[in-house]
Amino acid sequence: MNAKLGIIFKRRSIRHYQAGNIAPETVQDLLKAAMAAPSACAKDPWRFIVVTNKDTLNRIADGLPNGQMLRYAAAGIVVCGEQDQAHDGQLSYLIQDCSAAIENLLLAASMLGLGACWLGSHPREDRLLHLRRVLEIPASILPVSVVAVGLPAENKDARTRFDATKVHHEKW
Ligand SMILES: Cc1cc2nc3c(=O)[nH]c(=O)nc-3n(C[C@H](O)[C@H](O)[C@H](O)COP(=O)(O)O)c2cc1C
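Residues numbered from 1 in each chain as written. Predicted model: local features only at pLDDT ≥ 70, side-chain atom pairs only at ≥ 80, totals over all residues. Heavy atoms only, no water.

Quick look at the layout of surface pockets now. Approximately 170 Å³ is the volume found for the largest pocket. Lining the largest pocket are 15 residues, with K10, I14, S110, L114 and G115 positioned closest to its centre. Counting residues per element, the lining of the largest pocket draws most heavily on helix 4 (residues 91-111), which supplies three residues. In the lining of the largest pocket, the residues fall into six nonpolar, four polar and five charged. (1 Å grid on protein atoms, 1.4 Å probe; cavity = no way out; pocket = protein on both sides within 12 Å on 5 of 7 lines; lining within 4 Å. Points joined across faces, edges and corners; volume = space filled by probe spheres on them. Helix = DSSP H or I, 4+ residues; strand = E, 2+ residues; numbered from the N terminus. Nonpolar A, V, L, I, M, F, W, Y, C, P; charged D, E, K, R; others polar.)

Structural data, given as C-alpha cells:
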C-alpha cells in the first residue's frame, strides 16, 4: 500500500463507540468535507440532517436493522438528496452525488480521529418510510443513508480490498 494514500486505507467502518459528544465545530468540519465532494454540474443536491438527540437516534435505530450502533453514536448525519435539484432531475445523479459526499464525510471523520459507519437506507422502502416518519422528511427529499459518528471504541487495520481479477486493461 502506498503510504501517501494511508488516509484512504485507514478509513474503516467503525461500529463501536465510547460515550461522549462531538463538538459542533467538528460536525461542521465533517459537513464542509462532505460538501467538498464532486457533484454532477455542481448541482449539490445533497441535504443533511444532523441528529444528536439520543431519543431520536434510538428511534432511527428502531427502523434500521443494521444500524443499531446509532444508539451509542454521538451523532447520526442523515444524508438526503433533493431530486428536483439534481443534474437533469435524475435520481442516479442524486445518488452518485450523495455517495461522493458520504465518502468524503467518512474520510474526514477518520482523519479527525472519529469512528463512523455508512448505514444505507435507499432503496429499502421500509427504511425510507421510517426515516421520513421519524425525521418529518418531506416527499421531495430522499434520505439516501445515515452516517453514524462517534468516539471510536475499536481500532481496525488499514487495508485495501484490491483484487487484480476485477481490473481489465485496455478493453473488457
Ligand atoms: C451503500 C452502503 C450501505 C451500507 N450499509 C451498512 C449498514 O446498514 N450497516 C453497517 O454496519 N454497515 C453498512 N455499510 C458499511 C459496509 O458494511 C462496509 O463499508 C464494508 O463492510 C467494508 O468495510 P470497511 O468500510 O471497513 O472498509 C454500508 C456501506 C455502503 C456503501
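This part is about the pattern of salt bridges. Within this structure, the stated rule accounts for three salt bridges. D62 is the partner of R71 in a salt bridge, and the nearest nitrogen-oxygen pair spans 2.9 Å. Relative accessible area serves as the criterion here: at 55%, D62 is assigned to the exposed category. (Salt bridge = Lys/Arg side-chain N within 4 Å of Asp/Glu carboxyl O. Buried < 20%, exposed > 50% of the residue type's maximum accessible area, 1.4 Å probe, protein only.)

Such coordinate-based values are descriptive only and should not be taken to indicate function.
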